[in-house]
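Structural description and commentary
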Amino acid sequence: MSEATEKKPAKVVLKELQDKIADDAWEAKKRGEKVGWCASNFPQEITTAMGIPVVYPENMGAAVGAKGGGQRMCEYAEGMGYSGDLCSYSRINFAYADLKKCEELEIPFPDFLLCCNNICNCMIKWYENLALELDIPLILIDIPHLDQYECDEDRIKYIRAQFDDAIRQLEEITGKKMDYDKLKSVMEVSQRSSQAWLRAVGYMSAKPSPFSGFDIFNNMAVACVGRGTVEAAEAFEQLADEYEALVAEGKSTFKGDENYRILFEGIACWANLRFTYKTLQSRGINLTASVYGPAFSFLYSNLDELMAAYSYVPNSNCFERELELRVVDAKKNKVDGAIFHMNRSCKHWSGNLYEMERQFREQTGVPTIVFDGDQSDPRAFSEAQYETRVEALVEIMEENKRKEAQA
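These figures come from a predicted structure and were not determined experimentally. (Residues numbered from 1 in each chain as written. Predicted model: local features only at pLDDT ≥ 70, side-chain atom pairs only at ≥ 80, totals over all residues. Heavy atoms only, no water.)

Let's talk about the sheet that holds strand β4 (residues 138–141)
- Strand order in the open sheet formed by four strands is β2-β1-β3-β4, and the pairing between neighbours is parallel. A single partner strand is all that each edge strand has here, and the edge strands are β2 (54–55) and β4.
- Where strand β1 (residues 36–38) and strand β3 (residues 112–116) come together, three bridges link them in parallel fashion. Directly across from C38, in β3, lies its bridge partner L114. (Pairing = 2+ DSSP bridges. Helix = DSSP H or I, 4+ residues; strand = E, 2+ residues; numbered from the N terminus.)

As for helix α2 (residues 10–30)
- End to end, α2 covers 30 Å across 21 residues, agreeing with the expected 30 Å (1.5 Å per residue, within 8%).
- Taken together, the buried positions of α2 are A10, L14, L17, A25 and A28. What you see down the axis of α2 is that its buried residues fit within an arc of 80°, all on one side. Counted as exposed and oriented over 90 degrees from the buried face of α2: K11 and K30.
- For α2, the elements touching its buried residues are β2, α10 (214–219), α11 (221–225) and α12 (230–249).
- Looking at the residues trailing α2, positive phi occurs at G32, about 95°. (Expected span 1.5 Å × (residues − 1). Buried < 20%, exposed > 50% of the residue type's maximum accessible area, 1.4 Å probe, protein only. Arc of directions from axis to C-beta. Contact = heavy atoms within 4.5 Å.)

Quick look at the nonpolar core
- If you look at the biggest cluster of nonpolar residues, it comprises 133 residues, and the most contacted ones within it are I46, F217 and I339.
- If near-sequence neighbours (up to four positions away) are discounted, I46 is found in contact with I141, F163, A166, I167, L170 and M178. (Core = buried A, V, L, I, M, F, W, Y, C linked by side-chain atoms within 4.5 Å.)

Some words on the sheet that holds strand β8 (residues 368–373)
- Taken together, the four strands give an open sheet; going across it, the order is β6-β5-β7-β8, and neighbouring strands pair in parallel fashion. Each of the sheet's edge strands pairs with one partner strand only, and the pair in question is β6 (285–289) and β8. Taking each pair of neighbouring strands and ignoring which way they run, the sheet shows an average axis angle of 35°.
- As judged from the four bridges shared by strand β5 (residues 260–265) and strand β7 (residues 337–343), these two strands associate in the parallel manner. Residue pairing across strands places F264 opposite I339, the latter belonging to β7.
- Those strands touched by helix α17 (residues 353–364) are β5, β7 and β8, and its axis lies near 175° from that of β7. (Axes fitted to C-alpha atoms, helices over the stretch in contact; angles between N-to-C directions.)

Some thoughts on the packing of aromatic side chains
- Tallied over the full model, the rule gives 23 aromatic pairs.
- When the centroid spacing of 5.4 Å and the interplanar angle of 85° are considered together, the rings of F214 and F217 count as edge-to-face. Here F214 and its partner F217 are both found in helix α10, three residues apart, which amounts to about one turn of the helix.
- Given a relative accessible area of 4%, F217 falls into the buried group.
- Taken together, a centroid distance of 6.1 Å and an interplanar angle of 70° make the contact between F217 and F264 edge-to-face. Of the two residues, F217 sits in helix α10 while F264 sits in strand β5, which places them 47 residues apart along the sequence. Per residue, the accessibility class of F217 equals that of F264, and both read buried.
- Each member of the aromatic cluster is reached from another via a ring pair, and the members are F214, F217, F264, W270, F275, Y277, Y292, F296, W349, F371, F381 and Y386.
- The cationic tip of R321 hangs over the ring face of Y149; the distance from NZ or CZ to the ring centre is 4.9 Å.
- The ring of Y312 is capped by R321, whose NZ or CZ atom sits 3.8 Å from the centre of that ring. (Phe/Tyr/Trp six-rings, centres within 6.5 Å; stacked < 30°, edge-to-face > 60°. Lys NZ or Arg CZ within 6 Å of the ring centre and 35° of its normal.)

Here's the deal with the pattern of salt bridges
- Within this structure, the stated rule accounts for 35 salt bridges.
- Where D165 meets R168, a salt bridge forms, and the shortest distance between an N and an O atom there is 2.7 Å. Of this pair, D165 and R168 both sit in helix α8 (residues 153–174), separated by three residues, roughly a single helical turn.
- Owing to a relative accessible area of 31%, D165 belongs among the partly exposed residues under this scheme.
- In this structure R168 comes out as partly exposed when scored by relative accessible area, which is 37%. (Salt bridge = Lys/Arg side-chain N within 4 Å of Asp/Glu carboxyl O.)

A look at the packing of α2 against α12
- The geometry of α2 relative to α12 is characterised by a closest axis approach of 9 Å and an angle of 160° between their N-to-C directions. The pairing of α2 with α12 is recorded here as roughly antiparallel in orientation. The element α2 and its partner α12 pack so that their crossing is left-handed. For the pair α2 and α12, contact is made by A10, V13, L14 and L17 and by E231, A232, A235, F236, Q238, L239 and E242, respectively.
- Within the contact of α2 with α12, the residues separate by chemical class into eight nonpolar, one polar and two charged. (Parallel < 35°, antiparallel > 145°, perpendicular 65-115°, else oblique. Left-handed = near helix turned anticlockwise from the far one by under 90°. Nonpolar A, V, L, I, M, F, W, Y, C, P; charged D, E, K, R; others polar.)

Let's talk about the layout of surface pockets
- Taken as a whole, the second largest pocket spans an internal volume of roughly 630 Å³.
- What lines the second largest pocket is a set of 24 residues, among which L198, P294, A295, S297 and L325 lie closest to the centre.
- In terms of residue count, the dominant contributor to the lining of the second largest pocket is helix α15 (residues 319–332) (five residues). (1 Å grid on protein atoms, 1.4 Å probe; cavity = no way out; pocket = protein on both sides within 12 Å on 5 of 7 lines; lining within 4 Å. Points joined across faces, edges and corners; volume = space filled by probe spheres on them.)

Examining the environment of L140
- Following the sequence through the fold, L140 ends up in strand β4.
- Take L140: its relative accessible area is 33%, and that puts it in the partly exposed class.
- Separated by 254 residues in the primary sequence, L140 and V394 have C-alpha atoms spaced 45 Å apart.

Structure representation (structure tokens):
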């Protein structure tokens, strides 16, 4: 059998790499190494370069939701006194911290916490509470919300001071020292991963798209948990090459005719992922634009640019920059409409969503719909509402195509 025949598809390689990273953290814990719980947009360059194993409660929350355990864990946390208005990832994590077990997925318990609030300020209170309940140290990198289009020098200096202090604290907690030559190497590898991931998702602009946009949700985890590893860079490069080949052949992983192309705004409804996909797929709608998955790519050439890169994540950007990202993506990827997820968990993301939807519609000229949901708590999602909204969007997109054909 030839090497080409034996080669595993990139999606399989990525899943195996994700599992290996989790297994390595468990093995490190068994060896007595210090293991941390880490926010998804905390600078991974630090822990990767220092060889410190970390796991991600947000990823666990998404996986538990996708495997059907979100409601049970959320209800348990609510029974402990946590409000149902809190992020479902945090509620799942609080339940796990108390139960110390979860049938869908478990992660090793932490010796320290790494928090970064470029996602939201809920992260601060979430991790502060964990630090209190588990009696372990918390390291916070505060990245203020951008009030202007670009990250200025004062902001970079403020973030860099905390970056350096986080390294100092981790050296004290773990006994491991930062090797700055290794940090430079990790930064270079992280750029390979980021660029390859962006090249892969960039092929959505092709007609037809070489893949279902929901593949982004299935393949993005390693961009969070292993971006600084050579294995991740190689896997994403393979994924991009596979998509490039599909474009050349005019083929796609999307099952069905790509009659309509849409932007999907927001975090995926992990607990309802199959229904949200099938409802679109059955109507010939392919997701060809999203800022969520590509957001786990960080482009920079030096440490100062690294600080700025972590200021440009969704939820930390100024509104004008966020709107431009979506408008440019929608036009480049030739969408016929857009679906906006009013996520009951992610208050920061959803807080300006109606204004985002209004200005997006005005600037792109494509029809939009908004539906209610949640990233991991299925109680906030209505199949009937989602289906009705999608049907309305199809009617408008169909009419628009009819008018274009007659023009």
